[in-house]
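Structure assessment
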Amino acid sequence: MANSRRTPLYEAHKRHGGRLVEFAGWELPVQYAGVIEEHKAVREAAGLFDVSHMGEVWFLGEGALEACNELVTNDLARLADGQAMYAGLLNERGGFVDDVICYRFSPTKILVCVNASNADKDYAWMRDHAREGVTVKNESDDWAQLALQGPKAVAIAQKLTSHDLSAIKFFHFAEIELGGKAVIMARTGYTGEDGFEIFCQPGDAETLWEALLEAGKADGLQPAGLGARDSLRTEAKLALYGNDIDDDHTPLEAGLGWIVKWDKGDFMGRDALEEQKAEGVQRKLVGFTLTERGIPRHGYPILKDGERVGEVTSGTQSPTLGMPIGLAYVPTELAAEGSTFHVEIRGKPVAAKVVKTPFYKRQA
Amino acid sequence: MADYPKDLKYTKDHEWARIEGNQVTVGITAFAQESLGDVVYVELPEVGTEIKAGQPFGVVESTKAVSELFAPLSGKVVERNDAVVDSPETVNNDPYTAGWMIRVEASNETELASLLDQTAYTQFVEEQGH
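Residues numbered from 1 in each chain as written. Chains lettered and ligands numbered in written order. Predicted model: local features only at pLDDT ≥ 70, side-chain atom pairs only at ≥ 80, totals over all residues. Heavy atoms only, no water.

A short note on the environment of Arg19(A)
Selection rule: Runs of E in the DSSP output that reach at least two residues are strands. Runs of H or I that reach at least four are helices, and both are numbered from the N terminus. The buried label applies to any residue whose accessible area, calculated with a 1.4 Å probe on protein chains only, is under 20% of its type's maximum; exposed applies above 50%, and partly exposed to all values in between. Only heavy atoms enter the contact rule, under which two residues are in contact if any of them lie within 4.5 Å.
Here Arg19(A) lies in strand β2 (residues 19-23). Given a relative accessible area of 32%, Arg19(A) falls into the partly exposed group. C-alpha of Arg19(A) to C-alpha of Tyr32(A): the two residues are 13 residues apart in sequence and 6.2 Å apart in space. Not counting residues within four places of it along the chain, the set of residues in contact with Arg19(A) comprises Leu28(A), Pro29(A), Val30(A), Gln31(A), Glu34(B), Ser35(B), Leu36(B) and Gly37(B).

Observations regarding the side chain of Thr29(B)
Residue and element names in this part refer to chain B. Tracing the backbone shows Thr29 in the loop between β3 (23-28) and α1 (30-36). The exposure class of Thr29 is buried, given its relative accessible area of 0%. Once you skip the residues sitting within four places of it in the chain, Thr29 turns out to touch Tyr4, Tyr10, His14, Glu15, Trp16, Pro95, Tyr96 and Tyr121.

Here's the deal with the interface of chain A and chain B
Stated formally: What counts as buried area is the accessible surface, traced by a 1.4 Å probe, that two parts surrender upon association, with contributions from both included. A pair is scored as a salt bridge if a Lys or Arg side-chain nitrogen falls within 4 Å of a carboxyl oxygen belonging to Asp or Glu. Polar contacts, as counted here, are pairs of nitrogen or oxygen atoms within 3.5 Å of one another; within protein the pair requires one atom able to donate a hydrogen and one able to accept it, and residues that are adjacent in sequence qualify only if both atoms are side-chain atoms. Throughout this entry, Asp, Glu, Lys and Arg are counted as charged residues, while Ala, Val, Leu, Ile, Met, Phe, Trp, Tyr, Cys and Pro are counted as nonpolar. The remaining residues, Gly among them, count as polar.
Between chain A and chain B, the contact holds 18 residues from the first and 17 residues from the second. When the two sides are added together, the surface that chain A and chain B hide from each other amounts to roughly 1400 Å², 47% of it contributed by carbon and sulfur. When the area that chain A buries against chain B is broken down by residue, the three leading residues are Arg293(A), Arg297(A) and Arg346(A), summing to 42%. Our count for the contact surface shared by chain A and chain B stands at five salt bridges. The salt bridge partner of Arg293(A) is Asp86(B), with a shortest N-O separation of 2.5 Å. Remark: the boundary between chain A and chain B carries 11 residue pairs in polar contact (both at pLDDT 80 or more). When contributions to the side of chain A that touches chain B are tallied by element, the ones reaching two or more residues are β3 (26-31), α2 (35-44), α7 (226-235) and β17 (307-318) of chain A. No other element matches the three residues that α2(A) contributes to the side of chain A that touches chain B. For the side of chain A that touches chain B, a count of residues per class yields five nonpolar, six polar and seven charged.

So, the sheet that holds strand β8 (residues 75-80) of chain B
Hydrogen bonds along the backbone pair up the strands of a sheet, which may run parallel or antiparallel. Residue and element names in this part refer to chain B. Just so we agree on the cut-off: By the convention used here, strands pair only if DSSP detects at least 2 bridges between them.
Strand order in the open sheet made by the six strands is β1-β2-β3-β9-β8-β5, with antiparallel pairing throughout. Strands with a single pairing partner mark the edges of an open sheet, and in this sheet they are β1 (9-10) and β5 (50-51). Pairing of β1 with strand β2 (residues 15-20) involves two bridges; the strand directions are antiparallel. Each bridged residue has a counterpart across the sheet, and for Lys9 the counterpart in β2 is Ala17.

Purely geometric numbers; function is a separate question.
This is the structure in structure tokens:
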């Protein structure tokens, strides 16, 4: 981990017994108490994640909204100020440069939160392709980010602020004071649960981390690591860049057609997507479970009648459902619920069938 | 500090062996299960399978990782613990007793002499920087 970067919470992770690993160039905790325990804490109470490795890029100035909107698939013009949206940042071929969340502060101020592994690539892409006259600014080093996720997240965070957090609706955000620190409190997340992503100054991160853990102690809040983050997001079928989506896969193939707004006007990748839509999508990302013993993992081949027809993109033993779950690209004719195929695990074909996703959906 | 019983022998791949005549019971150490994290899947050979010292004989998977199990000795599998296949978390909860994996009839008892004793294994784990 010699060349890995450390977040402002590095010392806190060590203090709380985090087991540190290298991830996307960062040294981050994979677990504290244990992946399953942390996973269950998030589903039943709450978990606190360090996501300071995520990147922050701003579009600023006159025309910022239009400039950003030309680069993403979803439609910023439909949002109110204080609202966020999930979107694809695409290349000319319709493949993902990244998946992002755009936060609309005003038509002249848009924050784009990007994946850690892509932060430099994304910034260069956006800077190089944004219309002239708009400032595209990479502030990834200037922000720390905590994710407080779980059914008790609102109640826990409410102890640290006089701002009415229940007034921040899902996929909305507000600039507030939390534990005496100025933060952007966004009701977004990557676990399939209610909760917040909290953008703060790096120097405030440790104070907020400890204050939240203290405030949530009685409610069962636990620090949670990358392991639980991965199993939680897989259950919720939230795509991971580099696993489920990448430069060679489009939103239409990934089952993310809902983030493509065809009536918004031109955007990067639109022509390629229109062409793909007209021709018909050849492969689709589906959710499956194994009907025999085993655990599917990223990269395992998908077999139909002995022929390799696809590949597992994500897989795990679901802690919530107690069964193996996975995501895979398969030919469209195998994508319907109930379709069967095999996953090759260490040379052996293991029976699988397509199931409805998300695997887990919280009760509204 | 993990616990390594005195009456067991160990490998550098973090398996343990309980030797009773030419019958040897095999499992993974407390260090191994702690490093793996939550064990969610165990794959073991069928009874009757011939295994070879130092070669993989099975697989344990945790929530995140796949790890091979390496045979501490050569011989024939005479029993396997289906309880850990059905409840893999047993490996975390009780690695030395309920969490055993297979029982092997040793085909070359001289191999057993090269296994580490508790002192040597403890030292090996500590030298690994843990």
